[in-house]
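Below, each chain spelled out in residue letters.
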Amino acid sequence: MDLQKILEVVRVQRHDFLNHLQVVSGFLQLNKPDRIREYIEQIIDDMRVVSQTARLGIPEATAALLVGFNEAARYQIEMKLTVNSKLDECAVPGNVVGFALENVLRCFFENSSSPELSKKNFTLSFEENQEKHTIFLCSRASYIADLLLLKKSLAPVQKLLNKHGGNLNITLACDNLEIFLEFPRKRVENGQTTG
């Protein structure tokens, strides 16, 4: 994890917080209580989305997500997040999970097409079942400038995950690009959890 990117997240959050205070102050000066209420509700909705990152049981994944939100804003891409898994029973080491997520997001952003095309967004969801944890990224394939280059840039992530029993899959379904990161769950044998 690049600590400079974490520091950038802190800097941006500080800037956003000060900006929010200035906007609320401006509405107060204009005696616009309805606008203050609307603005605060918007801030709360935005914070609910980002606060989902704290649900993860792997700090490196949380850090990768926070950096991902920051990078998405920089590339003018909206990231929609759903967390239905804490990753708390993941058999893959946390630093590997964080590295994989960080690199998938970085490769996605770096290979995204020009921001002038349209308002872009993608979904990122964390799911689990009895056997594995899955991180699923889905976007329109047209958001990617070069799909072959994206696949090539993700090859090191695939190789690393394979060493730990995980997997990375990239599929195209209609005009959707889907990237799956799969991590095996820890197993319970004789009352003991094993990786």
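No experiment lies behind these values; they were computed from the predicted model shown.

Draft legend 1. Fine view of the layout of surface pockets. The calculated volume of the largest pocket comes to roughly 650 Å³. Val-12, Asp-16, Asp-46, Met-47 and Val-50 are the residues nearest the centre of the largest pocket, which is lined by 17 residues in total. Secondary structure elements with two or more residues in the lining of the largest pocket: α1 (3-29), α2 (33-51) and α3 (59-74). The leading source of residues in the lining of the largest pocket is α1, at seven residues. Along the lines of polarity and charge, the residues of the lining of the largest pocket split into ten nonpolar, five polar and two charged. Here the second largest pocket is characterised by a volume of approximately 220 Å³. Looking at the second largest pocket, the residues that line it are Val-49, Phe-69, Ala-72, Ala-73, Gln-76, Ile-77, Glu-78, Met-79, Lys-80, Leu-81 and Lys-119.

Draft legend 2. The arrangement of the sheet that holds strand β5 (residues 176-184) in detail. On the basis of which strands lie adjacent, the open sheet formed by five strands has the order β1-β2-β3-β5-β4 and mixed pairing. Both edges of this open sheet fall to β1 (77-83) and β4 (167-173), since each of them pairs with a single strand only. For this sheet, the mean inter-axis angle between neighbouring strands, taken without regard to orientation, is 15°. As judged from the seven bridges shared by strand β2 (residues 120-128) and strand β3 (residues 132-140), these two strands associate in the antiparallel manner. Bridged to Phe-126 within β3 is Ile-135.

Rules of the game
- Residues numbered from 1 in each chain as written.
- Predicted model: local features only at pLDDT ≥ 70, side-chain atom pairs only at ≥ 80, totals over all residues.
- Heavy atoms only, no water.
- 1 Å grid on protein atoms, 1.4 Å probe; cavity = no way out; pocket = protein on both sides within 12 Å on 5 of 7 lines; lining within 4 Å.
- Points joined across faces, edges and corners; volume = space filled by probe spheres on them.
- Helix = DSSP H or I, 4+ residues; strand = E, 2+ residues; numbered from the N terminus.
- Nonpolar A, V, L, I, M, F, W, Y, C, P; charged D, E, K, R; others polar.
- Pairing = 2+ DSSP bridges.
- Axes fitted to C-alpha atoms, helices over the stretch in contact; angles between N-to-C directions.

These figures come from the coordinates and say nothing about function on their own.
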